[in-house]
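Fold and contact review
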Amino acid sequence: LDRADLVMIDPVGTGLSRPIGKGEGKDFWGVDQDIKSVSDFIVRYLNQYGRWAAPKFILGESYGGMRTAGVSRELLTKHNVALNGVVLVSPYLDFGSGNAGLSLSDGDVNFLPTYAATAWFHRALANRPAELQPFLREVEAFAQDVYAPVLFKGARATAAERQTVLSGLARYTGLSTDYWDKANLRIDEAHFLQELMRSKGIVVGRVDTRYTGGSLNALSETMPYDPYGSAIAPAIVATFNDYYRQELKVESDRPYLLSGGVGEWDDRHAQPGVGKVPFANTVVDLAQAMTLNPRMKVLVQTGYFDLACPYRTVEYAIEHLAVAPAVRSNVTIAYYDAGHMMYVHPPSMQKFKSDVAAFVDANAR
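Below you will find a few notes about this structure. (Residues numbered from 1 in each chain as written. Predicted model: local features only at pLDDT ≥ 70, side-chain atom pairs only at ≥ 80, totals over all residues. Heavy atoms only, no water.)

Secondary structure summary: the chain contains twelve helices and eight strands in total. For 365 residues, the compact-globule estimate of 2.2 N^0.38 gives 21 Å, and the chain sits close to it at 21 Å. Within the span of the chain, comprising 365 residues, buried residues form 47% of the whole. Across the chain, contacts joining residues at least 24 apart in sequence account for 64% of those joining residues at least 6 apart. For the chain, the distance from the average position of its 36 positive side-chain charges to the average position of its 40 negative side-chain charges is 4 Å. (Helix = DSSP H or I, 4+ residues; strand = E, 2+ residues; numbered from the N terminus. Rg over C-alpha atoms; globule rule 2.2 N^0.38 Å. Buried < 20%, exposed > 50% of the residue type's maximum accessible area, 1.4 Å probe, protein only. Contact = heavy atoms within 4.5 Å. Lys, Arg positive; Asp, Glu negative; His and termini not counted. Charge placed at Lys NZ, Arg CZ, Asp CG, Glu CD.)

Written out as structure tokens, the structure is:
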């Protein structure tokens with residue numbers, strides 16, 4: 001607020017926003033429908049409040065990364081709105097590389113370093129290194145140079161190659177070679193977080209893996225709840241409702257929906273240059289927006305203990321931006337010793353503020 005006005009947008013089905021009149025949820029609940037409605041809102045806001053000449057930044061967190069990348073292109077190509085900058089906070093940008101356990105190797109490989117960071121944090125490793133960062137560089141190299149090739153080979157991998165991978169997976173994650181073997185070298189985060197400290201009756205958080213809670217079912221294969229959510233969400237909802245209803249005096253009987261009240265989501269996306277694809281990847285949209293508007297800067301913020309959008313999935317998406325080297329230099333990635341919502345960690349909150357403030361200061365001209 002000391003740098004800019006903040007306009008907070010609750011897309012339809014979240015917060016207090018609901019469809020009205022002849023509008024239906026399906027008009028808004030999908031990758032492309034959401035991009036269009038949020039872009040339309042931004043343009044309407046610029047008109048209503050006379051802000052066309054103002055510097056413009058958009059920030060999206062989590063799925064907001066998917067949205068923001070698409071909106072940056074939609075605003076430019078459909079409305080002639082050129083942004084000064086885009087901030088992507090723990091962004092989810094690509095269905096394929098952003099999910100593990102789908103037999104799509106990109107996701108499995110990119111989740112591994114955060115499995116390792118989590119096991120390191122909870123002292124669940126047999127030979128735990130003293131420092132996190134050198135350990136992560138070692139795991140990243142293993143994931144790329146040893147793990148990925150074996151996943152690519154599938155049944156063509158030799159017994160020796162498979163055993164090398166199994167030994168590494170156990171060494172870096174704290175899960176047994178037998179568990180990884182039975183999983184055929186691939187597990188998603190829900191299985192990992194349930195298994196990591198199962199013997200202690202503890203389940204580990206997904207949105208921020210520094211958090212833990214008691215296991216509701218020691219026999220469950222996957223985590224039945226996220227300890228981070230139960231620790232943080234009530235405070236967020238209470239604070240917002242108190243501010244909105246008591247200080248701002250907004251009268252509404254509608255509940256504030258923190259995670260969204262949407263129905264079935266349309267995952268299809270009209271990918272530029274390709275057409276409708278079943279699952280979205282808006283990295284392509286962002287690349288086009290950056291190419292068409294080479295003055296637009298991008299700040300990416302990611303936490304080492306985030307298993308909703310692990311830092312390597314974020315890096316991987318940025319590494320695959322199809323832009324010229326000069327345009328690629330417009331991207332900055334900032335890292336935090338926290339999870340998905342890094343600003344709940346006081347030192348990371350201070351860094352988050354200073355990083356965003358510096359980004360706005362540098363690009364508001």
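This part takes up helix H4 (residues 132-153). With 22 residues, H4 should cover 32 Å at 1.5 Å per step; its first-to-last C-alpha distance of 30 Å lies within 8% of that length. Where H4 bends most, the angle comes to about 40°, and this point is Ala143. Among the residues of H4, Leu132, Phe135, Leu136, Val139, Glu140, Phe142, Ala143, Tyr147, Val150 and Leu151 are the ones counted as buried. Looking at the packing, one finds that the buried side of H4 touches helix H3 (105-121), helix H5 (159-173), helix H6 (177-182) and helix H10 (311-319). Positive backbone phi, at 60°, marks Gly154, one or two positions downstream of H4. (Expected span 1.5 Å × (residues − 1). Bend = angle between axes of the 7 residues up to and from the residue.)

This brings us to the packing of aromatic side chains. Per the counting criterion, the structure on display carries 18 aromatic pairs. Aromatic pair Phe95 and Phe279: ring centres 4.3 Å apart, planes at 15°, arrangement stacked. Taken together, the residues span a long stretch of sequence, with Phe95 in the loop between strand E2 (85-89) and H3 and Phe279 in the loop between strand E6 (275-277) and helix H9 (283-292) at a distance of 184 residues. We classify Phe95 as partly exposed; its relative accessible area is 22%. (Phe/Tyr/Trp six-rings, centres within 6.5 Å; stacked < 30°, edge-to-face > 60°.)

Looking now at the nonpolar core. Core analysis: the biggest nonpolar cluster contains 41 residues, and Tyr115 and Tyr147 have the highest contact counts within it. If you list the elements that add at least two residues to this core, you get H3, H4, H5, H6, helix H7 (189-195) and strand E3 (202-204). No other element matches H4, which puts nine residues into this core. When near neighbours in sequence (up to four residues on either side) are disregarded, Tyr115 contacts Ala100, Thr173, Trp180, Ile187, Asp188, Glu189, Phe192 and Leu307. Grouped together as the second largest cluster of nonpolar side chains are 34 residues, Ile35, Val81, Ala289 and Ala317 included. (Core = buried A, V, L, I, M, F, W, Y, C linked by side-chain atoms within 4.5 Å.)

Moving on, we come to the side chain of Asn281. Along the polypeptide, Asn281 turns up in the loop between E6 and H9. Among the polar contacts listed, one links the side chain of Asn281 to the backbone nitrogen of Val283, at a separation of 2.9 Å. Aside from chain neighbours lying at most four places away, what touches Asn281 is Leu93, Asp94, His269 and Gln271. (Polar contact = N/O pair within 3.5 Å; in protein donor to acceptor, adjacent residues only side chain to side chain.)

Strand order across the open sheet formed by four strands is E1-E2-E7-E8, with parallel pairing between neighbours. Strand pairing shows two members of the sheet lacking a second neighbour, strand E1 (57-61) and strand E8 (331-336), which therefore form its edges. Across the sheet, the mean angle from the axis of one strand to that of its neighbour is 15°, orientation sign disregarded. Inspection of the sheet shows strand E7 (residues 297-303) paired to E8 by six bridges, in the parallel sense. Along E8, the bridge assignment pairs Val300 with Ile333. Seen against the sheet, helix H12 (residues 346-363) touches E1, E2, E7 and E8 and runs at an angle of roughly 175° to E7. (Pairing = 2+ DSSP bridges. Axes fitted to C-alpha atoms, helices over the stretch in contact; angles between N-to-C directions.)

H5 packs onto H3 with a crossing angle of 45° between their chain directions and a minimal axis gap of 7 Å. The angle between the axes of H3 and H5 places the two elements in the oblique class. Contacts from Leu112, Tyr115, Ala116 and Ala119 in H3 reach Leu169, Tyr172 and Thr173 in H5. Taken together, the residues of the contact of H3 with H5 sort by class into six nonpolar, one polar and no charged. (Parallel < 35°, antiparallel > 145°, perpendicular 65-115°, else oblique. Nonpolar A, V, L, I, M, F, W, Y, C, P; charged D, E, K, R; others polar.)

Looking at where Pro129 falls in the secondary structure, it is placed in the loop between H3 and H4. Setting aside residues no more than four positions away along its own chain, Pro129 makes contact with Trp120 and Phe135.

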